[in-house]
Amino acid sequence: QVQLVESGGGLVQPGGSLRLSCAASGSIFGIYAMRWYRQAPGKQRELVAGITPGVKANYLDSVKGRFTISRDNAKNSVYLQMNSLKPEDTAVYYCNADIYTTAGTGRRNYWGQGTQVTVSS
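Please read these numbers as outputs of a predicted model, since none were measured by experiment. (Residues numbered from 1 in each chain as written. Predicted model: local features only at pLDDT ≥ 70, side-chain atom pairs only at ≥ 80, totals over all residues. Heavy atoms only, no water.)

1. Topic: the sheet that holds strand β7 (residues 67-72)
Line of reasoning, step 1. Strand order in this open sheet of four strands is β1-β3-β8-β7, and the pairing throughout is antiparallel. Either end of the sheet is taken by a strand with one partner, and the two such strands are β1 (2-7) and β7. Adjacent strand axes in the sheet meet at a mean angle of 15°, parallel and antiparallel pairs treated alike.
Line of reasoning, step 2. Taken together, the six bridges between strand β3 (residues 18-26) and strand β8 (residues 77-82) define a ladder with antiparallel strand orientation. Of the residues in β8, the one forming a bridge with Cys22 is Val78. (Pairing = 2+ DSSP bridges. Helix = DSSP H or I, 4+ residues; strand = E, 2+ residues; numbered from the N terminus. Axes fitted to C-alpha atoms, helices over the stretch in contact; angles between N-to-C directions.)

2. Overview of the nonpolar core
Line of reasoning, step 1. Formed by 30 residues in total, the largest nonpolar core has its most connected members in Trp36, Leu80, Met82, Tyr93 and Ile99.
Line of reasoning, step 2. For this core, the secondary-structure elements that each account for two or more residues are β1, β3, β4 (28-39), β5 (46-51), β7, β8, β9 (91-101) and β11 (115-119).
Line of reasoning, step 3. Element by element, the count of residues in this core is highest for β9, at five residues. (Core = buried A, V, L, I, M, F, W, Y, C linked by side-chain atoms within 4.5 Å. Buried < 20%, exposed > 50% of the residue type's maximum accessible area, 1.4 Å probe, protein only.)

3. Details of the packing of aromatic side chains
Line of reasoning, step 1. Applying the stated criterion across every chain, the model contains two aromatic pairs.
Line of reasoning, step 2. Ring centres of Tyr37 and Trp111 lie 4.8 Å apart, and the angle between their planes is 55°; this geometry places the pair in the tilted category. Taken as a pair, Tyr37 in strand β4 and Trp111 in strand β10 (residues 107-111) lie far apart in primary sequence, 74 residues in all.
Line of reasoning, step 3. By relative accessible area, which is 18% here, Tyr37 ends up buried.
Line of reasoning, step 4. Both rings, one in Tyr94 and one in Trp111, keep their centres 6.4 Å apart while their planes meet at 85°; by these two values the pair is edge-to-face. In this pair, Tyr94 is assigned in strand β9 and Trp111 in strand β10, connecting sequence segments 17 residues apart.
Line of reasoning, step 5. Of the aromatic side chains, those joined through ring pairs into one cluster are Tyr37, Tyr94 and Trp111.
Line of reasoning, step 6. The ring of Tyr79 carries Arg19 above its face, with NZ or CZ at 4.2 Å from the centroid.
Line of reasoning, step 7. The cationic tip of Arg45 hangs over the ring face of Trp111; the distance from NZ or CZ to the ring centre is 4.7 Å. (Phe/Tyr/Trp six-rings, centres within 6.5 Å; stacked < 30°, edge-to-face > 60°. Lys NZ or Arg CZ within 6 Å of the ring centre and 35° of its normal.)

Shown next, in the form of structure tokens:
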């Protein structure tokens, strides 16, 4: 069993900052790519940022220069530092990761339960 648990969401004013965290736990052998997605009401889920084990990152165009993804392989964790937040960043943010378990069943994709980020004055 593998779990991804997010934390750090909340209500913030436009221009403010939040830091999301996601920790993976369970029967983990190794973690490949880790990602943050978001889904706003009435919209499709979209990839916000991703990071490889080699710490190569990619970002959604609308968050480039404002968001930074990072990971701590020793803690099986990924983070999303969000600065200069805008109302259009309001969404449920989900952690996602490709994980090899100790069961030897190959690499599988896992999702967290999501954390709400609301940007409003």
